[in-house]
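Chain and residue survey
Given next are the chains, with one letter for each unit.
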Amino acid sequence: MPSMNALPPTSKSSPDGSVAKAPVWYWGFFVLWLLVLPVAHAAGQPPAAAIASAHPAATRAGLEILQTGGNAFDAAVAVSAALAVVEPYSSGLGGGGFWLLHRVSDGKEVMIDGREKAPLAATRDMYLDSQGRPVAGASIDGPLAAGIPGTVAALAHISKHYGRLPLKQSLAPAIRLAKEGFAVNEHYRRMARLRLDALRASKAAARQFLKGGEVPPPGHVIRQPDLATTLQVIADKGREGFYAGVLARRMVKAVRAHGGVWREKDLLAYQVVERKPVIGHYHGWRVVGAALPSSGGVVLLEMLNMLALRDIRAMAEADRIHYLVEVMRRAYRDRARWLGDADFVDMPLQRLLSPEYARELASTISMTRATPSEKLADFKAEGRDTTHFSILDKQGNRVAATLSINYPFGSGFVAEGTGVLLNDEMDDFSIKPGVANVYGLVGAEANAIAPGKRMLSSMSPTFLESESGVAILGTPGGSRIITMVLIGLLQAVEGNAAEHWVRQPRFHHQYLPDEIQVEPGAFSEKLQQELKKRGHRLSIKERPWGNMQAVYWNRKDNEVEAASDPRGGGLAIKSSK
Ligand code: DON
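Let me sum up the structure you'll find in this document. Everything numeric here is computed off the predicted structure, so don't read it as measured data. Along each chain, residue indices are assigned from 1 in the same order as the chain's sequence is written. The predicted nature of this model means local features are confined to residues of pLDDT at least 70 and side-chain atom pairs, given and counted, to a pLDDT of 80 or more, with totals for whole chains, interfaces and linings taken over all residues. The basis for every side-chain value is the complete set of heavy atoms in the structure, and neither hydrogens nor water enter the calculation.

1. Side note on helix α9 (residues 225-237)
Our working rule: Only DSSP runs of H or I with at least four residues qualify as helices, and only runs of E with at least two residues qualify as strands; both kinds are numbered from the N terminus onward. The length a helix should cover is 1.5 Å for every residue beyond the first. Exposure categories follow from relative accessible area, calculated using a 1.4 Å probe and restricted to protein chains: below 20% of the type maximum is buried, above 50% is exposed, and the middle band is partly exposed. Taken from the helix axis, the directions to the C-beta atoms give the arc we talk about. Residue contacts are counted whenever heavy atoms from the two residues lie within 4.5 Å of one another.
In this model, α9 (13 residues) spans 18 Å end to end at C-alpha, consistent with the 18 Å of a helix rising 1.5 Å per residue. Of all the positions in α9, only Leu227, Ala228, Thr230, Leu231, Ile234 and Ala235 are classed as buried. Considered in projection along α9, the buried side chains sweep an arc of 160° and stay on one side of the axis. Turned more than 90 degrees from where α9 packs its buried face, Pro225 and Lys237 sit exposed. Among the structural elements, α3 (72-86), α4 (151-162), α5 (167-180), α8 (203-209), α10 (240-243) and α11 (245-257) are those in contact with the buried residues of α9.

Next comes the structure, spelled out in structure tokens:
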């Protein structure tokens, strides 16, 4: 805010009644100050708050909290908890996530790591049979697939250390939604159909999410009284309400009765970690990316470092797409080869993120031929649902959060009497070197299962900042998350509106399988032919992917934009509070 000292001196009456005039030099400064005022103000505080999330009820829950005196962090707690209720196929109390925060009062940037951890009784080969072959579905369906959840610990942590309101108040909208219910839509039905067998296998899940053992009809209201009670216990007791006591005992008992390996000490020991985001630069923008155990920051910056070496905007379309694909292929190779939980493995991060390495890697790109993934040196593969929201408050605090229970409806298992749907995030580990997970990703030693270890993630909540503005973005989409964020980010750097970042047609390469995955309609016939001529294999997908939620504070024009991916049913709103 401008200080009062910047105003012209108040006219003073002199004893003879004449009015003393401010000196001419002063008026010069005053006019100058009036000119810079909008810029100075814009740099400090946005003209509006904004929230974009994947469900209208969750966006409204966040808005309610902002309007009752909460900051962006309180709103993030409210949105996360509401999504846990109304998007049960995407995230929840039985899952985890990453919350990227920027606090304006001291400029603190931190990633709250609420990623699930492998139970202490987990073993490296727990999803393999006696011949060392992966057991179909073992890391995806039922409670053996569930990591120890981190969401509740993260919400309690964010509320306590960053929020203004008590946890009770921030959880209130979610409790209400769990009691009153929400109406089933087509997306819910598609997700439930996909996971019908897993949901039917858990009595409590079938009761909570199906109707008579079938996918509920559109408009059917899903009420979750057990989940409302669990949220209330957390509101009253904080994290202890979930990780200790009756609720914890109930979850452990149910998990163990159905083939899982959780113990009470797993829950008691769970801690969130505050991690330093991965920072990089691209064409004058500062990029704040997700830290490990998300591969998002490292892979994104590796790609940007290679892109920065060429003027991709000046390239013909086929050249640009080819170069982008080759960049994606190489960065995803490094993901598979090197990355895992930083608390467990040493990784050559400095080298991976260095400009020299980017130059070395980029020098192996031929502009006329695709590099077959198997020919990339130094790695032999031997040995969906999720949600994102973005928030900006009127002080300028910001949150980008991507949360997950992994596959739609997670493991499909609800611990009886808790309403908590458990994740199947264990599948994000490399269950055997070179064996692809549900998103087709392969991994190596760095991402092998170990007790208490966090599984590597692609979730990439991201900030971008320059004199022009501040962007907050992210999306669900498994292995494709990082390339979606890249495509959105390039739109932002080009100066396009947030609406374009979320709308932009998508394509993706993840090293293995060695193919360009393409959204329907994203590539023209001509472009497809040109890419095939260079040796690329194209896989045109039937359905589009992702559900990007973005907020942009345009500092130059002092305007705020919020945009929700047209592929999903989310809601982006701005508010003067
Ligand atoms: O952490 C990860 O990378 C995955 N569990 C995310 C899964 C996901 O985005 C599914 N969404 N469609």
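Having put the structure on the table, let's press on.
2. Details of the packing of aromatic side chains
Rules: Stacked, edge-to-face and tilted are the three classes for Phe, Tyr and Trp ring pairs, Trp counted by its six-membered ring, which pair at centre distances within 6.5 Å; planes under 30 degrees apart are stacked, over 60 edge-to-face, the rest tilted. Counted as over-ring charges are cases with an Arg CZ or a Lys NZ within 6 Å of the ring centre that also lie within 35 degrees of the ring normal.
Overall, the coordinates contain 10 aromatic pairs when judged by the stated rule. Ring geometry for Tyr89 and Tyr188: centres 6.0 Å apart, planes at 80°, overall edge-to-face. Taken together, the residues Tyr89 in the loop between α3 and β2 (96-102) and Tyr188 in helix α6 (residues 186-194) connect sequence positions 99 residues apart. Their ring planes at 10° and their centres at 5.8 Å tell us that Tyr243 and Tyr270 sit as a pair that is stacked. Separated by 27 residues along the polypeptide, Tyr243 in helix α10 and Tyr270 in the loop between α12 (264-269) and β6 (273-275) bring together distant segments of the chain. The buried category is assigned to Tyr243, whose relative accessible area is 1%. Taking relative accessible area as the criterion, Tyr270 reaches 1% and is therefore assigned buried. Ring-pair connections join several aromatic residues into one group, and the members of that group are Tyr89, Phe182, Tyr188, Phe209 and Phe409. For the cation-ring pair, Arg337 lies above Trp338, with the distance from its terminal atom to the ring centre recorded as 4.0 Å.

3. Details of the environment of Gln549
Quick reminder of the rule: Residues adjacent in sequence count toward polar contacts only when both atoms are side-chain atoms; beyond that, a polar contact is any pair of N or O atoms within 3.5 Å, and within protein one must be able to donate a hydrogen and the other to accept it.
Position of Gln549 relative to the elements: it lies in strand β16 (residues 549-554). Residues Gln549 and Phe389, spaced 160 residues apart in sequence, show a C-alpha to C-alpha distance of 5.6 Å. When near neighbours in sequence (up to four residues on either side) are disregarded, Gln549 contacts Ala52, Ser53, Ala54, His388, Phe389, Ser390, Ile472, Leu473, Gly474, Ala563, Ser564 and Asp565. Polar contacts involving the side chain of Gln549 include one to the main-chain amide nitrogen of Ser53, which spans 3.4 Å.

Interpretation note: all reported values are geometric properties and have no functional meaning in isolation.
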